[in-house]
Amino acid sequence: GENVEQHPSTLSVQEGDSAVIKCTYSDSASNYFPWYKQELGKGPQLIIDIRSNVGEKKDQRIAVTLNKTAKHFSLHITETQPEDSAVYFCAASGEKLTFGTGTRLTIIP
Amino acid sequence: EAGVAQSPRYKIIEKRQSVAFWCNPISGHATLYWYQQILGQGPKLLIQFQNNGVVDDSQLPKDRFSAERLKGVDSTLKIQPAKLEDSAVYLCASSFSRELGAFFGQGTRLTVV
């Protein structure tokens, strides 16, 4: 089955700086890669996604990149703000949606 | 558009008791998922429905967990009997199709004592 690895597990960034979270996946059949943000006591919220026929996608301060050959995909957050503090999960979807282990992002004011 | 509704929000039970969780997906979403999220970990898929049929239940502990999706809309997840290690947040999610993003409910936090 699919295996998704996510790094780093924790990340502290000064407000205004950029944050990068990286994931790798194992199943070459996976073709859809969403990213979720989870705040304390809430369910994961879909923030951006990318399909295997696209290399990069951007939505305001958030961007995702995908390297199908290397089976890598990354989340980039620019101009970080305190409200970006949360746990972020990557996921890969082929037959089923498999999540990474999460990254706790802390934005330091 | 209403989101995914789950109830109850919290549940505390003793080990060996039974418990049931309810999920109402977003209207029109054919795919429904139940995930288990243990504190500090990513969500783990328990079961995936496409309409009222099971697509994947390979990680569902079938000796104690069961799930159904009546009429392809609402779903219930049951645990009987519960074990201490079942303490977790149970998340329900739905999507228009499995090739599209899944939207999650708030989850049910289960504590087994």
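Considering the overall build of chain A
Part 1 of the argument: A tally of helices and strands in chain A yields zero helices and eleven strands.
Part 2 of the argument: Taken from N to C terminus, the helices and strands of chain A fall in the order β-β-β-β-β-β-β-β-β-β-β.
Part 3 of the argument: Over its C-alpha trace chain A gives a radius of gyration of 13 Å, about what one expects of a compact globule, namely 13 Å for 109 residues.
Part 4 of the argument: Counting only C-alpha atoms, chain A reaches 40 × 25 × 20 Å along its principal axes.
Part 5 of the argument: Residue burial in chain A is summarised as follows: out of 109 residues, 47% are buried.
Part 6 of the argument: By sequence separation, contacts in chain A at least 24 residues apart represent 50% of the contacts at least 6 residues apart.
Part 7 of the argument: Carbon together with sulfur atoms contributes 47% to the accessible area of chain A, which is approximately 5,400 Å² in total.
Part 8 of the argument: Looking at charge distribution, chain A has the averaged site of its 11 positive side-chain charges lying 4 Å from that of its 13 negative ones.

Notes on the sheet that holds strand β1 (residues 4-7) of chain A
Residues and elements named next belong to chain A.
Part 1 of the argument: Here we have five strands laid out as an open sheet, ordered β1-β3-β8-β7-β6, and antiparallel in their pairing. Single-partner strands in this sheet number two, and they are β1 and β6 (56-59). Recorded for the sheet is a direction-independent mean angle of 15° between the axes of neighbouring strands.
Part 2 of the argument: Of the pairings in the sheet, the one linking β1 to strand β3 (residues 19-25) comprises four bridges and is antiparallel in character. Bridge pairing in β3 links Q6 to C23.

A few points about the pattern of salt bridges
Residue and element names in this part refer to chain A.
Part 1 of the argument: Evaluated as defined, the whole model comprises seven salt bridges over all chains.
Part 2 of the argument: For D49, the salt bridge identified is with K57, shortest N-O distance 2.8 Å.
Part 3 of the argument: Take D49: its relative accessible area is 17%, and that puts it in the buried class.
Part 4 of the argument: By relative accessible area, K57 is classed as partly exposed at 34%.

Looking at the interface of chain B and chain A
Think of interface size as the accessible area that goes away when the parts come together; that is how it is often given.
Part 1 of the argument: Listed as interface residues are 23 residues of chain B and, on the opposing side, 18 residues of chain A.
Part 2 of the argument: Joining chain B to chain A, the criterion identifies one salt bridge.
Part 3 of the argument: Residue B:D56 is joined to A:K96 by a salt bridge in which the shortest nitrogen-to-oxygen separation is 3.7 Å.
Part 4 of the argument: Counting the contacts that link chain B with chain A gives six residue pairs in polar contact (both at pLDDT 80 or more).

Focus on the state of the cysteines
Part 1 of the argument: The tally for this structure, following the rule as stated, stands at two disulfides over all chains.
Part 2 of the argument: Each sulfur in the disulfide pair A:C23 and A:C90 lies 2.0 Å from the other. The sign of the S-S torsion, about -100°, decides the handedness of the disulfide formed by A:C23 and A:C90: left-handed. Taken as a pair, A:C23 in strand β3 and A:C90 in strand β9 (residues 86-93) lie far apart in primary sequence, 67 residues in all. Take A:C23 and A:C90: they sit in the same class, and that class is buried.
Part 3 of the argument: Between B:C23 and B:C92 runs a disulfide, and the two sulfur atoms are separated by 1.9 Å. Torsion about the S-S bond of the B:C23 and B:C92 cystine: about -70°, corresponding to left-handed handedness. Of this pair, B:C23 sits in strand β3 (residues 19-24) while B:C92 sits in strand β9 (residues 88-95), and the two are 69 residues apart along the sequence. A single burial state applies to B:C23 and to B:C92, both of which are buried.

Definitions and limits used
Residues numbered from 1 in each chain as written. Chains lettered and ligands numbered in written order. Predicted model: local features only at pLDDT ≥ 70, side-chain atom pairs only at ≥ 80, totals over all residues. Heavy atoms only, no water. Helix = DSSP H or I, 4+ residues; strand = E, 2+ residues; numbered from the N terminus. Rg over C-alpha atoms; globule rule 2.2 N^0.38 Å. Buried < 20%, exposed > 50% of the residue type's maximum accessible area, 1.4 Å probe, protein only. Contact = heavy atoms within 4.5 Å. Areas by Shrake-Rupley, 256 points an atom, 1.4 Å probe, with all protein chains shown as cover. Lys, Arg positive; Asp, Glu negative; His and termini not counted. Charge placed at Lys NZ, Arg CZ, Asp CG, Glu CD. Pairing = 2+ DSSP bridges. Axes fitted to C-alpha atoms, helices over the stretch in contact; angles between N-to-C directions. Salt bridge = Lys/Arg side-chain N within 4 Å of Asp/Glu carboxyl O. Polar contact = N/O pair within 3.5 Å; in protein donor to acceptor, adjacent residues only side chain to side chain. Disulfide = S-S within 2.5 Å.

Limitation: the analysis is restricted to geometry and does not speak to function.
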